[in-house]
Amino acid sequence: MTDAPNPNPPPLSDGTAPADIRANPPQRALQLHRELARVWANDRGFWGQVTAVSHTTLGLRFMATAFVFFAIGGILSMLIRAQLATPQGAFLDTELYNQIFTMHGSIMMFLFAIPMLEGLGIWLLPKLLGTRDMAFPRLTALGYWCYLFGGLIMLTALLFGVAPRDGWFMYTPLSDATHSPGINADVWLLGVTFVEISAIAAAVEITVTILRQRAPGMKLTEMPLFAWYMLGTSAMMLVGFPPLIAGSVLLEVERAFDWPFFDVARGGDPLLWQHLFWLFGHPEVYIIFLPAAGAMSTIIPVMCRTPILGYGAIVAAILGLVFLSFGLWVHHMFTVGIPHMALAFFSAASVLVAVPTAVQVFAWIGTMWKGRPELHLPMLHILGFFLTFVMGGLTGVMLAIVPFNWQAHDTAFVTAHLHYVLIGGFVFPMMAAATYWMPLITGKARVNGLGEAAFWVILLGFHGTFFIMHLTGLLGMPRRIDVYPDNPEWMSLNLTSSIFGFVLTIGFAMFALDLILQASLGKRARRDPWRAPTLDWAMPVPSPNYNFASLPLVRHQGGPARDVIQALARGIGALAGAPRGRREVLVTSAGAARPCHVAVLPGNTALPLVLAGSIAVFVLLMLASLYAIAAVALLPVAVLVWIWVRGMAPLGDLHAVTIAPGTTVPVHHRATRPTLAQSGVHALLVADGALFASLLFGLAFLSVVTQGPPPPPALVQNSSVALGLAGIAAALALGAGAARLLTRGRAGRWASWAGLVCNLVALVVLAWLVTQLDDPRAHARDALRAAMAGYVGLHVVVAGAMAAFTADQFRRGEISPHTGVGAIPAWASWQAFTAITAIITAAVFVVQAGVA
Amino acid sequence: MTVRYAIWAAPVALVGCSGPLSTLDPGGHIARDIAWLWWGMFAGAGLITVFVLVLLAVAFGRPRETTQKRWVFGLGLWFSLAVLSMVLAAGLWVGERILPRDDGAVTVRAHAFQWGWEFAHDGAGGQLVEGEGTLHIPAGQPVDILITSQDVIHSFWVPRLGGKIDAIPGRVNRLRVQADSAGRFDGLCAEFCGLGHAAMRFEVIAHDDWPPADPDATQDRP
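Definitions and cut-offs
- Residues numbered from 1 in each chain as written.
- Chains lettered and ligands numbered in written order.
- Predicted model: local features only at pLDDT ≥ 70, side-chain atom pairs only at ≥ 80, totals over all residues.
- Helix = DSSP H or I, 4+ residues; strand = E, 2+ residues; numbered from the N terminus.
- Rg over C-alpha atoms; globule rule 2.2 N^0.38 Å.
- Buried ≥ 20, exposed ≤ 12 C-beta atoms within 10 Å, placed from the backbone.
- Contact = placed C-beta atoms within 7 Å.
- Nonpolar A, V, L, I, M, F, W, Y, C, P; charged D, E, K, R; others polar.
- Domains from an automatic or database assignment.
- pLDDT = per-residue confidence, 0-100.
- Expected span 1.5 Å × (residues − 1).
- Pairing = 2+ DSSP bridges.
- Axes fitted to C-alpha atoms, helices over the stretch in contact; angles between N-to-C directions.
- Core = buried A, V, L, I, M, F, W, Y, C linked by C-beta atoms within 7 Å.
- Parallel < 35°, antiparallel > 145°, perpendicular 65-115°, else oblique.
- Left-handed = near helix turned anticlockwise from the far one by under 90°.

### With respect to the overall build of chain A
Thought 1: Looking only at helices and strands, chain A has 24 helices and four strands in total.
Thought 2: In terms of C-alpha radius of gyration, chain A reaches 27 Å, essentially the compact-globule figure of 29 Å for 852 residues.
Thought 3: Each of the three principal axes of chain A carries a C-alpha extent, and together these read 85 × 75 × 50 Å.
Thought 4: Across the 852 residues in chain A, those meeting the buried criterion constitute 61%.
Thought 5: Of all intrachain contacts in chain A linking residues separated by at least 6 positions in sequence, the fraction that spans at least 24 positions is 82%.

Structural data, given as structure tokens:
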């Protein structure tokens, strides 16, 4: 397998190399830098921004764009506060006010918080883990463009006065076609779903990067806490976003095609939307909090000049949070009329989630006790976090108590609570993170003074705005009202909130100005200015596009970063330089981080932009209700995806690479362990499975909980339908078997063709079966069954395309002992998944329709 | 009406916690139980906040020998579990006290629509007495309200008499409220329901006699 001589020591039997790698001989740092910079640099000029796939460029761009959306959302909040400053607030009319508060919430959640944390993860993780880029650079770029285009669609709608207006959680029936005519709700459903492509993309590549690209020897159990936090976050995103995507697609289909998923009169249920939304919506809170907490766990030990207290306990707390956060979504629904004992269960779960949070907070304070805290600017923001977040957490516990929730729910008390949690638990830590990592981003040191002033103005403005808002809520002021002429007792409170709200805005403007001043006027920063122990600082400032001239070995990890900058820059670590003129990273095993193979990453390309643009065309056509043309517009998307995957063909030098004396590993095409792409497919299938589970949940909910009209007698009662279902399942199982044979090397190219035929047969039978099903517009359960059939159909189409792709790879000679296995493992995973979902779907149909 | 409210409300606004929609100015035992729950949790939350701030302030002294056990298990796990168990138990206890139960309580109906409320109760002769905008209930006893919706989701809330519950199309929700003495109480729709949401108010009149002989001859506010 290896072409290099003398593999010494020999590779381990599981296809990895030992983690204790010998050092490379030192080289001249400048020469290495030039070699790497040439290979890893973005293209020049504006075009370079279009084609960039670098995690540094895109991570920063994610964060900068998110900050712009934060400013826009902030301006909207100022309009809200201006309206509420007086009882009669004749400033905005109700329609516009409704659009503005809906957009404020939607922007802050979907266009600020989530992209910001994705950006931080994308920018920081490779540096922290000791690698050169994220696992899927083109996917990073695709995610960014989807985020930008989706956000622009929503902003454009606001400019034209057709923005969403039903509140950021879009409760149906208020958001259905009857009660919300026009495209406002469609803008939300399609725009947010478009943006969520970037969330799924980020979750997939963050998961894979953390598990497979840590520096050799960086054990999972010893990796920096930030990586643990992001691993928890990405796991939650993979499972938490699909219910939202499922709900949005179903609601959009209801609005567009009158499939009554949520329509009471036809067996649907508006509460199904609430369940799907909050199944996303509550994990979402922790999705936002965990990366911020990760930044805290990184920065506090550095500011206190001591290692973190309770590493293991914090990891356990993260895992506990990830688990618990999926068990408490119902606490957003305490007032919908659920039996008290069920409420008690979710109340207990909601309260329990405070425990892992408390473990972290006290571990941080214990770290401060153990060390000697220094009051640098990041530490100020961390103190702001403590004050604000502790109070927000405590009001959260109050809201988890059912009787109190019945009073406080949907009042300004909740508005106050969620701002304490989100600004305390996310914005303050992000400001700490920004001030902490600015030297690495810009290479500049801070200009003293303004940042501290900004902090105090923000702290004052925030608590002045939101502290008394608790009282406003307890005095009975509901959320989302625009006037309160009969309640002068709320006026002074609201006026105070409004005034301090403007103070808060000024504070954020000062913060932004401080960053701009630092970037433009700051003096050159020293390397590793904080004397940090993590690898993100073991590089020059500002960070070069390739991060590390050589990848850090075990001996370079865990000590002071400044001690290893020189060594890494001189190529003493693994995989020094870019002697083969291509972007190489080291892929390691998930647990012990033993070297598996070298992955060759794609270079600069405009393909992500073009693909995102073609998806945007589809979204816009859907918005314009041109559904037939929209279906056709999926064709270019499919072609571009094919071109995308063709870009992974084995080209160039496929010889094994010697990453250090005595350690030689294959390139990824010829890897014996799963490649990054294969790990990525597995992560994607986790999200896909969650999507399928959401549909199953919906069907079960409608069948068991909803007390609507019973479905009309099912038409599918003849045995030919059962036979058809069995035929689909059998064809897909056969296809999965063919792919499996291929992965084991027990079949030739015929198996690809066989797999393609199996999928085509399944597709034809499915198309016939759909004509036999009941009209999906008749009843919600019929609609959901049709949606499940559509889900399976879509997967069969993709599976067939993947089979065809491998057949094409055989034809091109890209699947051979010399060039590797191509897309076979990815197809096999997908095909097996498709077969399983089809079998489950068939079983559900049989059970529900009573097919003989 | 606005003027009357303004004159009435201006002085009590200074008191801080009263007001026609204040949960902290309960008009019956259900709202009072929840208000006490709030004051208890508020005091506890205040103490914990001060405690954390003191811990933070002390952290700025000399470095100390300290153990993970104390912080992670002592404070993080056991302290928080103890506090949370107490709060949870109090919440369950109050919840069980104020829930609707089958004890023959007077039942009235509230039907929400965009944008207003229809109410109905049984009159003296057993006939249904219907009306818009004003809900009549007996004073001094628990009343169950059956809540339904015509179109979108609304939420029935009379802050001084008890918690809120959503009015959901296709469902009948039951909420228990109680006014200790006769009088007028304000209610509103708490769930955002579109353009007329802010104005979707109603009034509750609690009567000493039930069914009220003359619904319009009502008592003043207590």
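The rest of the description comes next.
### Section: the overall build of chain B
Thought 1: The helix and strand inventory of chain B stands at three helices and 10 strands.
Thought 2: For chain B, the succession of helices and strands along the chain, N to C, is α-α-α-β-β-β-β-β-β-β-β-β-β.
Thought 3: With 222 residues in all, chain B has 42% of them scored as buried.
Thought 4: Counted over contacts in chain B with a minimum sequence separation of 6, partners at least 24 positions apart contribute 64%.

### Remarks on the interface of chain A and chain B
Many structure descriptions define interface size as the accessible area lost when the parts assemble.
Thought 1: Contacts between the two partners involve 67 residues from chain A, matched on the other side by 67 residues from chain B.
Thought 2: If you list the elements that add at least two residues to the side of chain A that touches chain B, you get helix H4 (94-129), helix H8 (270-303), helix H10 (340-352), helix H11 (354-370), helix H12 (377-400) and helix H13 (402-408) of chain A.
Thought 3: Ranked by residues supplied to the side of chain A that touches chain B, first place goes to H11(A) with 11 residues.
Thought 4: Its residues assigned to classes, the side of chain A that touches chain B comprises 42 nonpolar, 15 polar and 10 charged.

### So, the domain arrangement of chain A
Thought 1: Per the domain assignment, the segments making up chain A are domain 1 (376-530) and domain 2 (710-849).
Thought 2: One C-alpha centre belongs to domain 1 of chain A, the other to domain 2 of chain A, and the line joining them spans 50 Å.

### Overview of the confidence of the model for chain A
Thought 1: Across chain A, pLDDT averages 94, with 97% of residues at or above 70.
Thought 2: Every residue in residues 1-8 of chain A scores below 50 in pLDDT, and together they form 13 contacts with partners more than four places removed in sequence or on other chains.

### Details of helix H21 (residues 719-743) of chain A
Residues and elements named next belong to chain A.
Thought 1: Counted at 1.5 Å a residue, the expected span for H21 with its 25 residues is 36 Å, and the 36 Å between its end C-alpha atoms agrees.
Thought 2: Regarding H21, the residues found buried are Val721, Gly724, Leu725, Ile728, Ala729, Ala731, Leu732, Gly735, Ala736, Ala738, Ala739 and Leu742.
Thought 3: Phi for glycine 745, located one or two positions after H21, is positive at around 75°.

### Examining the sheet that holds strand S4 (residues 134-138) of chain B
All names here are of chain B.
Thought 1: If you walk across this open sheet you meet the five strands as S4-S10-S9-S6-S7, and the pairing is mixed. Only two strands of the sheet have a single partner each, and these edge strands are S4 and strand S7 (164-167). Across this sheet, the average inter-strand angle for adjacent strands is 25°, counted without regard to direction.
Thought 2: Two strands pair when backbone bridges link them, and strand S9 (residues 183-189) and strand S10 (residues 201-207) are joined in this way by six bridges, in the antiparallel orientation. From the neighbouring strand, aspartate 186 faces S10, where its bridge partner is glutamate 203.

### What about the nonpolar core?
All names here are of chain A.
Thought 1: Membership of the largest hydrophobic core comes to 363 residues, with the highest contact counts inside it found for Cys146, Ala227, Ile299, Ile728 and Leu732.
Thought 2: Looking at which element gives the most residues to this core, the answer is H8, with 22 residues.
Thought 3: Among the domains, domain 1 (376-530) and domain 2 (710-849) are the pair contributing at least three residues each to this core.
Thought 4: When near neighbours in sequence (up to four residues on either side) are disregarded, cysteine 146 contacts Phe194, Val195, Ile197, Ser198, Ala612 and Ile615.

### Things to note about the sheet that holds strand S5 (residues 143-149) of chain B
All names here are of chain B.
Thought 1: Strand order in the open sheet formed by five strands is S3-S2-S1-S5-S8, with mixed pairing between adjacent strands. Strands at the two margins of the open sheet, each flanked by one partner only, are strand S3 (128-132) and strand S8 (173-177). Averaged over all pairs of adjacent strands, the angle between their axes in this sheet comes to 25°, without regard to strand direction.
Thought 2: Strand direction decides the pairing type here: S5 and S8, joined by five bridges, are antiparallel. In the sheet register, leucine 146 faces S8, and the bridge partner there is arginine 174.

### Structural notes on the packing of helix H18 (residues 607-623) of chain A against helix H19 (residues 627-646) of chain A
Residue and element names in this part refer to chain A.
Thought 1: Running from N to C, H18 and H19 cross one another at 165°; their axes reach a closest spacing of 8 Å. It follows from the interaxial angle that H18 and H19 lie roughly antiparallel. The two elements H18 and H19 meet at a crossing, and its hand is left-handed. Of H19, the residues touching H18 (which contributes Leu607, Val610, Leu611, Ser614, Ile615, Val617, Phe618, Leu621 and Met622) are Tyr627, Ile629, Ala630, Ala633, Leu634, Pro636, Val637, Leu640, Ile643 and Trp644.
Thought 2: Residues belonging to the contact of H18 with H19 are distributed by class as follows: 18 nonpolar, one polar and no charged.

### What about the packing of H12(A) against helix H15 (residues 450-474) of chain A?
Residue and element names in this part refer to chain A.
Thought 1: Taken N-terminus to C-terminus, the directions of H12 and H15 make an angle of 10°; their axes are 10 Å apart at the nearest point. Taken together, the axis directions place H12 and H15 in an arrangement best described as roughly parallel. Residues Leu377, Leu380, His381, Gly384, Thr388 and Thr395 of H12 lie in contact with H15, whose contacting residues are Gly451, Glu452, Phe455, Leu459, Phe462 and His470.
Thought 2: A class-by-class count of the residues in the contact of H12 with H15 yields five nonpolar, six polar and one charged.

### Some points on helix H9 (residues 311-324) of chain A
Thought 1: Over its 14 residues, H9(A) runs 20 Å from end to end, which matches the ideal 20 Å to within 8%, given 1.5 Å per residue.
Thought 2: Along H9(A), the residues classified as buried are A:Ala313, A:Ile314, A:Ala317, A:Ile318, A:Leu321, A:Val322 and A:Leu324.
Thought 3: The elements touched by buried residues of H9(A) are helix H7 (225-257), H8, H10 and H11 of chain A together with helix H3 (68-98) of chain B.

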